[in-house]
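Breakdown of the fold
For reference, the chains in residue letters:
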Amino acid sequence: MTHLGVIQQLVLQQAQQAAPQATTTLGKPTVASIGFFFLIVAVTLVITYFAAKKTKTSSEFYAAGRSVSALQNGFALAGDYMSAASFLGISGMVALKGYDGMIYATGWLVGWPALMFLVAEPLRNLGKFTFADVVAFRLRQKPVRIAAAIGGILTVLFYTIAQMVGSGALIQLMFGLKYEIAEIIVGVVMLAYVLFGGMLATTWVQIIKAGLLLFGVTILTGLVLARFGFNPGNLYKAVVDQYGQPSLEPGGFVANPVEAVSLGLALMFGLLGLPHILMRFYTVPDAKAARKSVLYATGLIGYFYLIIPIVGFGAAVLTPGGRAFITSIDKGGNMASPILAEQLLGSGFLGFIAAVAFATILAVVAGLTLAGASAYSHDIYVNVIKGGHATEEEQVKAAKTATVVFGIFAVGLGILFKGQNVAFMVGLAFAIAASANFPALLMSIVWKRFTTMGAVWSILVGAFSSCIMILLSPTVWGEVFHHLDAAGKPYGILPWKNPAIFSMTAAFVAGIVVSLVTADQGAQDKFEDEKLRTYLGVGAE
Amino acid sequence: MAEPARSGPSTDSRGNKSALQVLDSPDFKALVKKRWSVSMVLLALLFVTYYGFILLLATNKAFVTQKVGEVTTLAIPLGVAVIIFAWLLTAYYVGWANKSYDPEVERLKSQLKR
């Protein structure tokens, strides 16, 4: 899997952890790292305590009472999006591979403008708690909600497993804890945030984490640039002197145009189908605030992706032993930023960066858990099982039960998938999101003729075609299930690593064809009323 | 705020139109059309920029590896430019929506019967 090969490496490392050399305290818990870790957990738990007092109704639990400001939501969106894969993965990839790491950075940003142009405002105006509200708005509730919940939960689950497995490996490396203990700690703290504080606490945890992450990476970047007279050209010169000109040139990453575009589509439109991102749009008061929050988020994320390569290049040239030393700690290079932090400011700063990385994973998992729990409790329990009539008390109780179940699943699956290749799960999450959730969401907003059966088929075809294509790809069929060709290279029944270009198209075609052959007069009639709400926000919560 | 001078059937009506009348009004239809035209043009620019960048890297190595500094390759400023341009597109959309879309929304909303 090209995409997020990063996380995969995190996990592969568990088995082959190299003994840390004398110049780093990585893997040995220090007073500084444990201190920062407890400080961050304690501060965020205090916030959760205050958020809990304000979380009584379902609207408060799922949508923070729609009281989040645009700037706050911008930080929270950025926090949800900048996972450990971005922070540790991209800097590590730049440190080891040079320019190819920068290609990732651009790909991870370009979904945001697309999100703004296509769905941000309609989503806010039509929805209540989940993106399924929008898809089901004028269609028959039950079938669409069930299908949308399947698409949403599949996406969130695969994303969560990857984060959990990645976090286990990371905590193991950083704090020297046992993998299973790390999983349980992540699970318990994450549950505490979500259960007691709901969306408000999760939002504040994301805001703090995004702030800490940007602060830490800015300091790292400043320190690196200070060594090169604040001229990136001097830094690049040092990189080329040590590792040669190819470090600044694109490598084999985008050699195949179909593969490159398919990866680009998954990254761009996967964002528009990620339930934990989409549900953030319901926390702001109106469409105008939703729009502004995307602008802030795009700015923060763009800034992050602009400076993170400097950290990566800095780690390659400022660490004694360079790439060889970084790979001796972690083959995937994921420890490049923490190692650099220790080189530049000592083990206290390492502790800070390590604690920020931990907070990053915790916060992202908390956001995912809340999204998974609302897909069940809001879409299935309230709207399908209870036919839309559940008391506030029942709703919050169902949401909390779903949260606990989802949390236990996350920890259990995280332990079960220990040492597994998780890159395919993150790839699957983005591909499912782009194929199952995005086409149905877009068509329900813009296409009058879209029908209930069209939505159901679009979601199911997108979800299953993307899953099956990834299963048959070289990454899973070859690398995970060890099917090797005569030359000993892993191969797939299908040659492509990323299915989005095909599975997304299939989802659109299925939605269009099925809609054209089925009739849904009710949906067409309601489309006109829906317009008033979509474009003017009349009647939006 | 002064109401913009307009011609057509919907100018004088304030707070007395049914939802159906607003939906049928040329102003509303023009608003929806305008919104998607702006979105589609910006999306097209984003596509050209991003997929152009990726395909350029994939297909024209000689071009992207030429030096723009002592060692810096053209690929580096190109990548930076894609990120900045994507943000500028987003900013342009917000500016357009605040200046042109929202006032029109408010005007149409004010025509609705209470």
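Residues numbered from 1 in each chain as written. Chains lettered and ligands numbered in written order. Predicted model: local features only at pLDDT ≥ 70, side-chain atom pairs only at ≥ 80, totals over all residues. Heavy atoms only, no water.

**Notes on the overall build of chain A**
Helix and strand counts for chain A stand at 24 helices and 0 strands. In summary, chain A has a C-alpha radius of gyration of 23 Å against a globular reference of 24 Å for 541 residues, a match within 12%. Summarising its shape, the C-alpha atoms of chain A cover approximately 70 × 55 × 40 Å along the three principal directions. Here chain A displays about 16,700 Å² of accessible surface, and carbon together with sulfur accounts for 68% of that area. Each charge class in chain A was averaged separately, 33 positive and 25 negative side chains, and the resulting centres sit 3 Å apart. (Helix = DSSP H or I, 4+ residues; strand = E, 2+ residues; numbered from the N terminus. Rg over C-alpha atoms; globule rule 2.2 N^0.38 Å. Areas by Shrake-Rupley, 256 points an atom, 1.4 Å probe, with all protein chains shown as cover. Lys, Arg positive; Asp, Glu negative; His and termini not counted. Charge placed at Lys NZ, Arg CZ, Asp CG, Glu CD.)

**With respect to the pattern of salt bridges**
In the structure shown here, the tally under the stated rule is 15 salt bridges over all chains. The closest approach of N and O atoms between arginine 35 of chain B and glutamate 121 of chain A, which form a salt bridge, is 3.3 Å. In this pair, arginine 35 of chain B sits in helix H2 (residues 26-59) while glutamate 121 of chain A sits in helix H8 (residues 120-126), so the two residues belong to two different chains. Take arginine 35 of chain B and glutamate 121 of chain A: they sit in the same class, and that class is buried. The salt bridge partner of lysine 288 of chain A is aspartate 102 of chain B, with a shortest N-O separation of 2.9 Å. Here the residue lysine 288 of chain A occupies a position in helix H15 (residues 287-318), and aspartate 102 of chain B occupies one in helix H4 (residues 75-111), the pair thus bridging two chains. Taking relative accessible area as the criterion, lysine 288 of chain A reaches 35% and is therefore assigned partly exposed. Given the relative accessible area of 13%, aspartate 102 of chain B is considered buried. Residues joined in a network through salt bridges with shared partners are Glu121, Lys288 and Arg291 of chain A together with Arg35 and Asp102 of chain B. (Salt bridge = Lys/Arg side-chain N within 4 Å of Asp/Glu carboxyl O. Buried < 20%, exposed > 50% of the residue type's maximum accessible area, 1.4 Å probe, protein only.)

**Quick word on the confidence of the model for chain B**
Residue and element names in this part refer to chain B. Overall, the prediction assigns chain B a mean pLDDT of 85, with 86% of residues at 70 or greater. Taken together, the stretch residues 1-12 has pLDDT below 50 and engages in 12 contacts with residues farther than four places along the chain or on a different chain. Model confidence for the complex is summarised by a pTM of 0.87, with the ipTM given as 0.86. (pLDDT = per-residue confidence, 0-100. Contact = heavy atoms within 4.5 Å.)

**Things to note about the packing of aromatic side chains**
Under the counting rule described, the total for this entry stands at 23 aromatic pairs over all chains. Each ring, one from tyrosine 50 of chain B and one from tyrosine 51 of chain B, has its centre 5.0 Å from the other, and the planes form 65°; the classification is edge-to-face. Judged by its relative accessible area of 2%, tyrosine 50 of chain B is buried. Among the aromatic residues, those joined into a cluster by ring pairs are Phe269, Phe438 and Phe508 of chain A together with Phe47, Tyr50 and Tyr51 of chain B. Over the ring of tyrosine 243 of chain A we find arginine 323 of chain A, and its NZ or CZ is 4.0 Å from the ring centre. (Phe/Tyr/Trp six-rings, centres within 6.5 Å; stacked < 30°, edge-to-face > 60°. Lys NZ or Arg CZ within 6 Å of the ring centre and 35° of its normal.)

**Points about the interface of chain B and chain A**
Counting from both sides, the interface comprises 52 residues of chain B and, opposite them, 51 residues of chain A. If you look at where chain B meets chain A, you find 4 salt bridges. In this structure, the salt-bridge partner of lysine 237 of chain A is glutamate 70 of chain B, at a minimum N-O distance of 3.9 Å. Along the contact surface separating chain B from chain A lie 16 residue pairs in polar contact (both at pLDDT 80 or more). Counting only elements with at least two residues in the side of chain B that touches chain A, the list comes to helix H1 (19-24), H2, helix H3 (61-64) and H4 of chain B. No other element matches H4 of chain B, which puts 21 residues into the side of chain B that touches chain A. Split by residue class, the side of chain B that touches chain A holds 38 nonpolar, 8 polar and 6 charged. (Polar contact = N/O pair within 3.5 Å; in protein donor to acceptor, adjacent residues only side chain to side chain. Nonpolar A, V, L, I, M, F, W, Y, C, P; charged D, E, K, R; others polar.)

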